[in-house]
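A closer look at the structure
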Amino acid sequence: MKNIIILGSTGSIGTQALEVVNNLKEEFNLIGISANTNFNLLAQQAKKYNPKYVCISDENHRKSLIEILGTNNYQILSGRSGLLELSKNNESDIILNALVGSEGMEPTINAIKSGINVALSNKESLVMAGEIIKQELKNNNVSLYPVDSEHSAIWQCLKGENLSQINKIILTGSGGPFRTKDINEFENITKGEALKHPNWSMGNKITIDSSTMMNKGLEVIEAHWLFNIPVDKISIVIHPESIIHSMVEFADGSIKAQLGIPSMKIPIQYALTYPKHLPLSGMTLDLVKVKTLNFEEPNLVKFKCIDLAYQSIDKGGSWPVILNISNDILVRKFLNNKINYLDIPNTIEEILNKHEFINQINLDDINYLMDWTKKYMEQKFND
Ligand code: MN3
C-alpha cells in the first residue's frame, strides 16, 4: 500500500489520476490533494476520497474551502507556501506532480529532496532544472516516473535494455490541429481553433503547446534528461493517429514501439504502479478498427517552436529556462486574448536571442530568469 499525494488534482491529469487511484484501492492510500483555484471541485474530491491534507493554492479561496469542508476532518493548507509544504510531506511514498507550467518545478525538487518518489506529469520541471533534478535524484536515492505518454512509452521500450545499444529515440506526435493548415493562415488562428486537439483531451496550456508543437520540443528536452540520451539521438515523427506513443531504435535496426489508445490513464497508472501493469478497464486497442498508421516528418518552418527547443537544449544553461518561462507566459496571454497566435513563437525566439546567457545555472538563477522574463514581457506588451 502506497501513500500518495496528487498535486493538481482538479486538472485533466489530476482527475484521471484520482480515478486510477480509486480503482486500485488495495494499492493506494490517498493522503493529499491540491488545486490552484477550483475550490469547488477540490472540496468535492476531498469529500469523496477523504485525504488528510487538502491544499488550495489561491489564498482567496481558502475561506470558501473551509466553509465547505470544515477543519475537523481535513488539514487545510493554502497559498504557495501551503503547496510547497505539501510537496515536502514525507508521509507520502509517491507524489504525482500534475501542476501546470513553471510553478511545478519547485514542488518536484522539494519532493525529491524529501526522499519522496515522483510521478512527473509536469515536464516543465525537467525542461528548466533537468541537471539539478538529476543530481538531487542521485543524492536522495529517489526515483522519477514519467507520466507523459511518450516518455512512458520510451520507458517501457527501454525496460531491460542497455543504453549503449540505442541508435535513437523516436518521439511521436500527432502534429496537432494545424498539421495540414497553410502557414499563411497561422496569423489568424484563434484560441478556439487552437484548443481543438484532434486526439487527446488535455488541459488548456498543454493543448496550446500541442498546437504550436512546443509540447514536442519540451518533450525532446524531457526525454534527454529522463533517459540520459544526447539530443542528437532524439528524433520526432508525426503520427496523426496517436496509437504508437513513441519508439526506440537499437543498434541492429530493431525498433520497439509502445501502442495503446490515446488515454492518459494508461501512463498515469503505470507511473503509479511501476513495474506492474495492473488491470484498467475500457482501454483495449482494436487494431483492426484502426487499420492504418501514418507517419510524416515534422515541419520545422511551420512549427518553429520545435527548432527553438532543439537550439535551447543544445546551448544549455539559461536557454531552456527562458524557452519554458516565456512560453508559459505567452500561452497564458494568448488564452486571455492578449496576443496573437504567432506572437508565441516569435516572442520566444526574440527573448532567447536577447537574454544574457548564463552557462551554469542554479535555482537562484532560475528564479532570477523567471522575474527577468516576466518583466520583459510586461514591458513588451504594456501590462
Ligand atoms: Mn506528451
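Scroll up to find the structure.
I will try to describe carefully the structure that is included in this document. Note that the structure is predicted; figures quoted are calculated from it, not measured.

The rules behind the values
Residues numbered from 1 in each chain as written. Predicted model: local features only at pLDDT ≥ 70, side-chain atom pairs only at ≥ 80, totals over all residues. Heavy atoms only, no water. 1 Å grid on protein atoms, 1.4 Å probe; cavity = no way out; pocket = protein on both sides within 12 Å on 5 of 7 lines; lining within 4 Å. Points joined across faces, edges and corners; volume = space filled by probe spheres on them. Helix = DSSP H or I, 4+ residues; strand = E, 2+ residues; numbered from the N terminus. Buried < 20%, exposed > 50% of the residue type's maximum accessible area, 1.4 Å probe, protein only. Contact = heavy atoms within 4.5 Å. Pairing = 2+ DSSP bridges. Axes fitted to C-alpha atoms, helices over the stretch in contact; angles between N-to-C directions. Salt bridge = Lys/Arg side-chain N within 4 Å of Asp/Glu carboxyl O. Donors = N, O, S within 2.8 Å, 3.2 Å for Na, K, Ca; no water. Core = buried A, V, L, I, M, F, W, Y, C linked by side-chain atoms within 4.5 Å.

This part covers the layout of surface pockets. Size it by volume and the second largest pocket reaches roughly 430 Å³. As for the second largest pocket, its lining consists of 16 residues, of which Leu144, Trp155, Trp225, Leu226 and Phe227 are closest to the centre. Those elements that provide at least two residues to the lining of the second largest pocket are α6 (123-140), β7 (144-146), α7 (149-158) and α10 (214-227). No other element matches the four residues that α6 contributes to the lining of the second largest pocket.

Take Asn324: it is sitting in helix α14 (residues 318-335). A relative accessible area of 0% places Asn324 in the buried class. Once residues within four sequence positions are removed from consideration, Asn324 is found in contact with Ser102, Glu124, Val127, Met128 and Leu218.

One open sheet accounts for four strands, arranged β9-β8-β10-β11; its pairing is mixed. With partners counted over all chains shown, the strands left at the sheet margins are β9 (234-238) and β11 (255-259), one partner each. The average angle at which neighbouring strand axes cross in this sheet is 20 degrees, direction not considered. Bridging between strand β10 (residues 244-250) and β11 involves five bridges; their strand directions are antiparallel. Bridge assignment links Met247 to a residue of β11, and that residue is Ala257. Together, β8 (166-173) and β9 form the strand contacts of α10, whose direction differs from that of β8 by roughly 145 degrees.

What follows concerns the pattern of salt bridges. Taken as a whole and assessed by the stated rule, the structure comprises 18 salt bridges. Across the salt bridge formed by Glu103 and Arg80, the nearest N and O atoms sit 3.6 Å from each other. Here the residue Glu103 occupies a position in the loop between β5 (94-97) and α5 (105-113), and Arg80 occupies one in helix α4 (residues 79-86), the gap between them amounting to 23 residues. On the basis of relative accessible area, Glu103 is assigned to the partly exposed category, the value being 38%.

A word on the coordination of the manganese ion. Surrounding the manganese ion are the protein donor atoms Asp148 (OD), Glu150 (OE) and Glu219 (OE), at 2.1 Å. Within one chain, the residues serving as donors to the manganese ion are arranged as D-x1-E-x68-E. Looking at Glu150, the relative accessible area reads 7%, which means it is buried.

A separate point is unusual backbone geometry. The peptide bond linking Tyr274 to Pro275 adopts the cis configuration, its omega dihedral lying at 5 degrees. Looking at the element boundaries, Pro275 is found in the loop between α11 (265-273) and α12 (287-290). Phi at Ser246 takes a positive value of approximately 160 degrees, unusual for a residue other than glycine. Following the sequence through the fold, Ser246 ends up in strand β10. Phi angles above zero are rare outside glycine, and Lys291 is one such case at about 65 degrees. Of note, Lys291 is situated in the loop between α12 and α13 (304-315).

All right, on to the pairing of β5 then. Residues in a regular strand project their side chains so that they alternate between the two faces of the sheet. Across the two faces of β5 the burial is the same, with Ile94 and Leu96 and Ile95 and Asn97 all buried. Strand direction decides the pairing type here: strand β1 (residues 2-7) and β5, joined by four bridges, are parallel. Looking across to β5, one finds that Leu7 is bridged to Asn97. Bridging between β5 and strand β6 (residues 117-120) involves four bridges; their strand directions are parallel. Pairing of Ile94 across the sheet is with Asn117, part of β6.

Taken in spatial order, the seven strands make up an open sheet running β4-β3-β2-β1-β5-β6-β7, and their pairing is parallel. Both outer strands of the open sheet, β4 (75-78) and β7, are each paired with one neighbouring strand and no more. With strand direction ignored, the average angle separating the axes of adjacent strands in the sheet is 20 degrees. Pairing analysis gives four bridges linking strand β3 (residues 53-56) to β4, with the strands arranged parallel. Bridge pairing links Ile56 to Ser78 in β4.

With that settled, the discussion passes to the nonpolar core. By size, the foremost hydrophobic cluster in this structure holds 117 residues, and its most contacted members are Val54, Leu65, Leu96, Phe227, Leu272, Leu323 and Ile366. Residue contributions to this core peak at ten residues, all from α14.

Take it as geometry only, folks, not as evidence of what the structure does.
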